[in-house]
Amino acid sequence: MYEVESKGGAIGCMLLSLFFLGTWPAVMTSLEQKGRLPQHTYLDYSITNLLAAVLIALTFGQLGDPKSGQPNFFTQLAQDNWPSVLFAMAGGVFLSLGNLATQYAWAFVGLSVTEVITASITVVIGTTLNYFLDDRINKAEILFPGVACFLIAVLLGAAVHGSNSADNKAKLEGAAADHEKGNGVGVPGEAEFGTADFLIELEDKRAIKVFGKSVWTGLAISSFAGLCFSLFSPSFNLATNDQWHRLKKGVDHLVVYTAFFYFSCSCFVIAIILNITFLYRPVLNLPKSSFKAYLNDWNGRGLAMLSGVLCGFGNGLQFMGGEAAGYAAADAVQALPLVSTFWGILLFGEYRKSSRKTYGLLVSMLLMFVVAVALLMASSGHRKDS
């Protein structure tokens, strides 16, 4: 079994995880904005997300000779470790529900703001829980100022959203006035990022219609997702370290790769059940679909599967880094809004042609996230073998 043994290796895992976990939402958002039903996308995502966990378990989980207290993947499958398995599977349920909720929140409040809200709730609740579960191996004098920076960034993120919403409203009202004067619209399909025509074209193409919907709907969905995300990492922590002493005497703790396998299996099952249900009983006024229609929908399937791979490896790397340096420090990957905002601006034109106020708030939010991730990583401790 491969084990991350150094603080530098743990930080490397966190940084790579940060990139992966900040990129896969952008991939899924692009498909929704092109009109692909989120149920179809999430089913494809779920398949490759599970395959990524299986690949990690069969490679990193089987590398080298087993060490004392750290058996290889196949060895652990036969052990009586069900209390820890159930904790791992509970974490998978929380993650699946959170990811499912965010794919709808992205449409309502945007990629950047959704990630800010979910990340902040995850840090405030999840990081605090992990700090105490990890027997305080992280430096509290550095860790909690990092948490405070996340909270400040959340407030700035809310301000960014409010300012940008006001900008978009002004654009649409201005466009309506121009139309009344007979000025017409631009060439269909060639609207420039950030213009009223672009916003109107996006609404026409996307799968989830948001015009006229309350912004509180998206904020409520985002908050629910953040609550789920805040619980999956502590659940995984309990699965691998058995802080509540539920395993029988002499039974090895779950190694990170075995726990991740069970975690991903439950995540997959919940995702399949809920999304097949949503095919026939859609939410938020989405059109009905069917399993046959899903199987025949190859438009964007490759990108949907890519998002599952990115998320699977991102979560695996986060857990590998957390097992070595403490799960509280590994929650630094919740600075993923840094990456998501980059993709949101580059790919989807978020904040294009916005006001100076919006740009100033956006830069302030991103700078605060940089400080937050630096502090959380600097708080890393090193887990001692039990």
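Student: Explain unusual backbone geometry to me, please; I cannot follow it from the model alone.
Tutor: Excluding glycine, a negative phi dihedral is what most residues carry, and trans is how most peptide bonds are arranged. Even without a glycine there, the phi angle at D242 is positive, about 50 degrees. Within the secondary structure, D242 is located in the loop between α8 (215–241) and α9 (256–280). We note that N285 has phi near 65 degrees; this positive angle belongs to a residue other than glycine. Relative to the assigned elements, N285 resides in the loop between α9 and α10 (291–296).

Student: Would you mind going over helix α14 (residues 356–378) with me for this structure?
Tutor: It helps to recall that an α-helix has 3.6 residues per turn; residues three or four apart then point in one direction. Under the 1.5 Å per step criterion, the end-to-end length of α14 is 33 Å for 23 residues, consistent within 8% with the ideal 33 Å. Among all positions in α14, only T358, L361, L362, M365, F369, A372, V373, L376 and M377 are buried.

Student: Even after reading the chapter, I still don't get the confidence of the model for the protein, so can you show me in this structure?
Tutor: Parts of the prediction with low pLDDT should not have their coordinates interpreted in detail. Here the protein averages 84 in pLDDT, while 89% of its residues score no lower than 70. The least confident element of the protein is helix α12 (residues 327–330), whose mean pLDDT is 59; the most confident is α10, at 96.

Student: It is not clear to me how helix α5 (residues 111–133) should be interpreted in this structure. Could you clarify?
Tutor: Taking 1.5 Å per residue, 23 residues should reach 33 Å; α5 reaches 31 Å between its end C-alpha atoms and fits that length. The buried fraction of α5 is high, at 17 of 23 residues.

Student: Is there a simple way to explain the pattern of salt bridges in this structure?
Tutor: For side chains bearing opposite charge, pairing can occur when the charged atoms are close. For the structure shown, the criterion picks out five salt bridges. The partner of R36 in a salt bridge is D44, and the shortest N-O contact between them spans 2.9 Å. For the pair R36 and D44, one class covers both residues: buried. D297 is paired through a salt bridge with R36; the nearest N and O atoms lie 3.2 Å apart.

Student: Please clarify how the nonpolar core should be interpreted in this entry.
Tutor: Note that soluble globular proteins tend to have their nonpolar side chains buried in a common cluster. Membership of the largest hydrophobic core comes to 84 residues, with the highest contact counts inside it found for W24 and F263. Looking at this core, the element that brings in the most residues is helix α4 (residues 82–109), giving eleven residues. The residues contacting F263, other than those within four sequence positions of it, are A88, G91, G92, L95, F232, F236 and F319.

Student: What should I look at first to understand the packing of α4 against α9 in this one?
Tutor: Helix-helix packing is described using two parameters, namely the angle between the two axes and the distance between the axes. In contact at an axis separation of 7 Å, α4 and α9 are set at 40 degrees when each is read in the N-to-C sense. With respect to each other, α4 and α9 are oriented oblique. The element α4 and its partner α9 pack so that their crossing is right-handed. Residues V85, A88, M89, G91, G92, V93, L95, S96, L97, L100, Q103 and Y104 of α4 pack against A259, Y262, F263, S266, C267, I270, A271, L274, N275 and F278 of α9. Considered class by class, the residues forming the contact of α4 with α9 number 16 nonpolar, six polar and no charged.

Student: I'm lost on the side chain of S354 in this one. Help?
Tutor: Among the secondary structure elements, S354 is positioned in the loop between α13 (337–348) and α14. For S354, a relative accessible area of 12% translates into the label buried. Of the polar contacts made by the side chain of S354, one reaches the side chain of N164; its length is 2.9 Å. Leaving out residues up to four positions away in the same chain, S354 has contacts with N164, D167, K171 and Y359.

Student: Honestly, the packing of aromatic side chains in this entry has me stumped. Any pointers?
Tutor: Here a ring pair, both rings aromatic, is described through the centre-centre distance and the interplanar angle of the planes. According to the stated counting rule, one finds 16 aromatic pairs in the structure shown. Measuring from ring centre to ring centre gives 6.2 Å for F60 and Y257, while their planes differ by 20 degrees; the resulting arrangement is stacked. Placement of F60 in the loop between α2 (38–59) and α3 (73–77) and of Y257 in helix α9 is noted, with a sequence separation of 197 residues between them. With 5.1 Å between their ring centres and 65 degrees between their planes, F342 and W343 make a pair best called edge-to-face. Of the residues examined, W343 reaches a relative accessible area of 19% and is grouped as buried. Ring pairing ties together the aromatic residues F73, F74, W82, F261 and Y262, which thus form one cluster. A cation over a ring is seen here: R301 above Y294, with NZ or CZ 4.8 Å from the ring centre.

Student: Even after reading the chapter, I still don't get the environment of L347, so can you show me in this structure?
Tutor: With respect to the helices and strands, the residue L347 is situated in helix α13. Taking the C-alpha atoms as reference, L347 lies 8.1 Å from S30; in sequence the two are 317 residues apart.

The rules we used
- Residues numbered from 1 in each chain as written.
- Predicted model: local features only at pLDDT ≥ 70, side-chain atom pairs only at ≥ 80, totals over all residues.
- Heavy atoms only, no water.
- Helix = DSSP H or I, 4+ residues; strand = E, 2+ residues; numbered from the N terminus.
- Expected span 1.5 Å × (residues − 1).
- Buried < 20%, exposed > 50% of the residue type's maximum accessible area, 1.4 Å probe, protein only.
- pLDDT = per-residue confidence, 0-100.
- Salt bridge = Lys/Arg side-chain N within 4 Å of Asp/Glu carboxyl O.
- Core = buried A, V, L, I, M, F, W, Y, C linked by side-chain atoms within 4.5 Å.
- Contact = heavy atoms within 4.5 Å.
- Axes fitted to C-alpha atoms, helices over the stretch in contact; angles between N-to-C directions.
- Parallel < 35°, antiparallel > 145°, perpendicular 65-115°, else oblique.
- Left-handed = near helix turned anticlockwise from the far one by under 90°.
- Nonpolar A, V, L, I, M, F, W, Y, C, P; charged D, E, K, R; others polar.
- Polar contact = N/O pair within 3.5 Å; in protein donor to acceptor, adjacent residues only side chain to side chain.
- Phe/Tyr/Trp six-rings, centres within 6.5 Å; stacked < 30°, edge-to-face > 60°.
- Lys NZ or Arg CZ within 6 Å of the ring centre and 35° of its normal.

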